[in-house]
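What follows is each chain in one-letter form.
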Amino acid sequence: MGKIQISGCVTCFVCSLILNLLLVSDRMYAGGKWELSWSRRGAKEGEAAAAVECSGHGRAFLDGLDVDGSPECECNSCFVGSDCSQISSDCVADVDRCSGDALFLEPFWMKNAASSALLVSGWHRMSYVFKNESLISSVLENQIRKLHDTVGNAVTQGRFIVFGAGSIQLLNAAIHALSQENSSVSAKVVASVPFYQLYQQQTDLFRTVDFEFQGDTSLWKNSSDSGLNFIEIVTAPNNPDGQMNKAVVQGSHVKAIHDHVYYWPHFTAIPAPADGDIMLFSLSKFTGHAGTRFGWAVLKDEAVYQKMSTYVELNTLGVSRDAQLRAFKLLKVVMERSGREIFEYGHSTMKNRWEKLSSALSVSDRFSLQDIPPQYCNFFQTVRAASPAYGWLKCERKEDKECYRVLKKAGIIGRDGTLFGVGSSYVRLSLIKTQDDFDMLLHKIKKLVAMEDDMQAKSTL
């Protein structure tokens, strides 16, 4: 009798399970079409935030809610109001604050809203590791290799790849790894001026007995054979002036870290694939997603790969699984047309901005910009004009030696050249922010140049 009851219970359970599966499948697959189930609410919330227009001068985000829980506008610089429709009367062109945000790519992603959207389940990748006990997504690694092969900006065949929380984490991981190779002598970390100030700031912050920042490479050119241990950071294209830097310090005890964060067709011609021992790249300047905090290093040496991997693992237990998933999704969109759509848009936008800024300053005797000659690009298969991420402006007159102050007085806030290891006659102007930011910068520059003309006219009276 007990066996019959158990058998009956099992039969009822199985029938109930089948009925529930049929009901669920009927809700999810009805009329020959797949329908949303648990993701419906999340999709509606995402669509609601994206639908807030903000007058074209701001954005609303899911995690930017006002007091009643609705998405509210976060306005671009110089715009205010609940819908960002009002322009501030006393606005300055601030191209220093968040100057590395490549928001010029935001319209591209809005155009590709459907293909780049990502809705993640609450139980997605809850573990520390992937199924193979690795901290990196193998499908994302393969996508990165395919990307570089398509763009032609880096050799990845036979190379190792490490993921990091942006290129900055990987930079210190590389310095740490290289400084261990000859740990009996403290490594001198150097870079050619003008150099990105975070190189020094971060190296100073994490300084140990194994390494310390020692400034400009020109100070150490003649020390190549002295037995000193050098780590040179080689940035190409360079931040701030867009030049394709090469290693300066030579010798058996010199190692180079190649920062290629800006080595994409947005910002420069791609004449040949980079093939350095250590090459750093980042999502922030490639797709514009700085907040995702994802970067990668391409490495020749397995010992360096192991040391950098250990550094990242002990430092942050790898990169967020959510960040890796988003990076994979974004790269899939980019590769739909072999990267041509995003790079054509990016280059066209940056070229247009560079030409407008150059034209406005070309009539000035007081200010000048860096010279970047046209170059043949293998990706576009043509000679292409300059399209740098930053304008490296110089005040030419002796009385304007404090160039930052000259521009600030005119309502332009750039980044002082002294922060890049050079004189105060230089200022960096970011060209990669929103269109509103660039328009305000151009307006202020034209106004400043016009004042120069007025001063010259008065002096002739």
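The structure this text deals with has already been given above.
Only a predicted model underlies this, so the values are computations on that prediction, with no experimental measurement involved.

Trainee: Would you take a moment to explain the overall build of the protein for this structure?
Mentor: When you go through the protein residue by residue, the secondary structure sums to 13 helices and 21 strands. For the protein, the proportion of its 461 residues judged to be buried stands at 45%. Taking all contacts inside the protein whose residues are at least 6 apart in sequence as the whole, residues at least 24 apart take part in 70%. As presented, the protein carries roughly 23500 Å² of accessible surface, and 54% of it is formed by carbon and sulfur atoms.

Trainee: Can you walk me through the packing of aromatic side chains in this structure?
Mentor: The geometry of two aromatic rings is summed up by the distance between their centres and the angle between their planes. Here the structure, examined in full by the defined rule, presents 22 aromatic pairs. For the ring pair Phe108 and Trp109, a centre distance of 4.9 Å and an interplane angle of 85° mean the geometry is edge-to-face. Since its relative accessible area comes to 10%, Trp109 is described here as buried. Where Phe343 meets Phe379, the ring centres are 5.3 Å apart and the plane angle is 80°; that geometry is what we call edge-to-face. With a gap of 36 residues between them, Phe343 in helix 11 (residues 340-362) and Phe379 in the loop between strand 16 (375-377) and strand 17 (382-384) connect regions that are remote in the sequence.

Trainee: What should I look at first to understand the sheet that holds strand 13 (residues 278-282) in this one?
Mentor: Two pairing modes exist for strands in a sheet, parallel and antiparallel, and in both the strands are linked by backbone hydrogen bonds. As summarised here, the arrangement of the 7 strands in space is 8-14-13-12-11-9-10, forming an open sheet in which the pairing is mixed. Edge positions in the sheet fall to strand 8 (160-164) and strand 10 (211-216), since each has one partner strand and no second. For this sheet the average axis-to-axis angle between neighbouring strands, irrespective of direction, equals 25°. Pairing analysis gives 6 bridges linking strand 11 (residues 229-235) to strand 12 (residues 254-259), with the strands arranged parallel. For Thr235, the partnering residue across the bridge sits in strand 12 and is Asp259. Its contacts with the sheet place helix 5 (residues 138-151) against strand 8, strand 13 and strand 14 (295-299), and it is angled at close to 115° to strand 8. On top of the sheet, helix 7 (residues 197-205) reaches strand 9 (187-191), strand 10, strand 11 and strand 12; it is set at about 155° to strand 10, its chief contact.

Trainee: How do you make sense of the state of the cysteines when you look at a structure like this?
Mentor: Note on terminology: disulfide describes a covalent bond linking the sulfur atoms of two cysteines. Tallying each qualifying case throughout the model produces 4 disulfides. What pairs with Cys54 in a disulfide is Cys73, and their sulfur atoms sit 2.1 Å apart. An S-S torsion of about -95° defines the bridge between Cys54 and Cys73 as left-handed. With Cys54 in the loop between helix 2 (40-51) and strand 3 (58-65) and Cys73 in strand 4 (residues 71-75), the pair connects residues that are 19 residues apart, well separated along the chain. The class of Cys73 is buried, set by a relative accessible area of 15%. Disulfide partner of Cys78: Cys91, at an S-S distance of 1.5 Å. Measuring handedness by torsion sign, the sulfur bridge of Cys78 and Cys91 sits at about -55° and is left-handed. In this pair, Cys78 is assigned in the loop between strand 4 and strand 5 (79-80) and Cys91 in the loop between strand 6 (86-87) and strand 7 (93-94), connecting sequence segments 13 residues apart. The exposure class of Cys78 is buried, given its relative accessible area of 11%. Each bonded cysteine in the protein gets a number by its place in the sequence, and the pairs come out as 1-2, 3-5, 4-6, 7-8.

Trainee: How do you make sense of the side chain of Thr217 when you look at a structure like this?
Mentor: When you line up the elements, Thr217 lands in the loop between strand 10 and strand 11. In this view, Thr217 contacts Val190, Ala191, Ser192, Glu232, Val248 and Val249; residues no more than four positions away in its chain are not counted.

Trainee: Help me out: how do you make sense of the packing of helix 6 (residues 166-179) against helix 9 (residues 302-316) in this one?
Mentor: Each pair of packed helices can be summarised by the angle the axes make with each other and by the distance between the axes. At a minimum axis separation of 9 Å, helix 6 and helix 9 run at an interaxial angle of 125°. What the angle tells us is that helix 6 and helix 9 run oblique. Crossing geometry of helix 6 relative to helix 9 is assigned as right-handed. Note on element contacts: helix 9 touches helix 6 through Val304, Lys307, Met308, Tyr311, Val312, Asn315 and Thr316, opposite Gln169, Leu170, Asn172, Ala173, Ala174, His176, Ala177 and Leu178. Tallied by class, residues from the contact of helix 6 with helix 9 come to 9 nonpolar, 5 polar and 1 charged.

Trainee: So what exactly am I meant to see when it comes to the nonpolar core here?
Mentor: Note that soluble globular proteins tend to have their nonpolar side chains buried in a common cluster. Core analysis: the largest hydrophobic core is formed by 78 residues, its most contacted members being Trp296 and Ile445. If you look at the next biggest cluster of nonpolar residues, it comprises 26 residues, including Ala177, Ala191, Ile231 and Val312.

Trainee: I keep staring at the pairing of strand 9 and nothing clicks. Help me out?
Mentor: For a regular strand, side chains alternate in direction, first toward one face of the sheet and then toward the other. Within strand 9, 5 of the 5 residues are buried, which leaves the element mostly enclosed by the surrounding structure. Here strand 9 shows no split at all, with Ala187, Val189 and Ala191 on one side and Lys188 and Val190 on the other all buried. In the sheet, strand 9 pairs with strand 10 via 4 bridges, with the strands oriented parallel. Pairing of Lys188 across the sheet is with Glu212, part of strand 10. In the classification by handedness, the crossover that spans strand 9, the intervening helix 7 and the parallel strand 10 is right-handed.

Parameters and conventions
- Residues numbered from 1 in each chain as written.
- Predicted model: local features only at pLDDT ≥ 70, side-chain atom pairs only at ≥ 80, totals over all residues.
- Heavy atoms only, no water.
- Helix = DSSP H or I, 4+ residues; strand = E, 2+ residues; numbered from the N terminus.
- Buried < 20%, exposed > 50% of the residue type's maximum accessible area, 1.4 Å probe, protein only.
- Contact = heavy atoms within 4.5 Å.
- Areas by Shrake-Rupley, 256 points an atom, 1.4 Å probe, with all protein chains shown as cover.
- Phe/Tyr/Trp six-rings, centres within 6.5 Å; stacked < 30°, edge-to-face > 60°.
- Pairing = 2+ DSSP bridges.
- Axes fitted to C-alpha atoms, helices over the stretch in contact; angles between N-to-C directions.
- Disulfide = S-S within 2.5 Å.
- Parallel < 35°, antiparallel > 145°, perpendicular 65-115°, else oblique.
- Left-handed = near helix turned anticlockwise from the far one by under 90°.
- Nonpolar A, V, L, I, M, F, W, Y, C, P; charged D, E, K, R; others polar.
- Core = buried A, V, L, I, M, F, W, Y, C linked by side-chain atoms within 4.5 Å.
- Right-handed = clockwise from strand over helix to strand, strands pointing away.

Interpretation in functional terms is not warranted from these geometric data alone.
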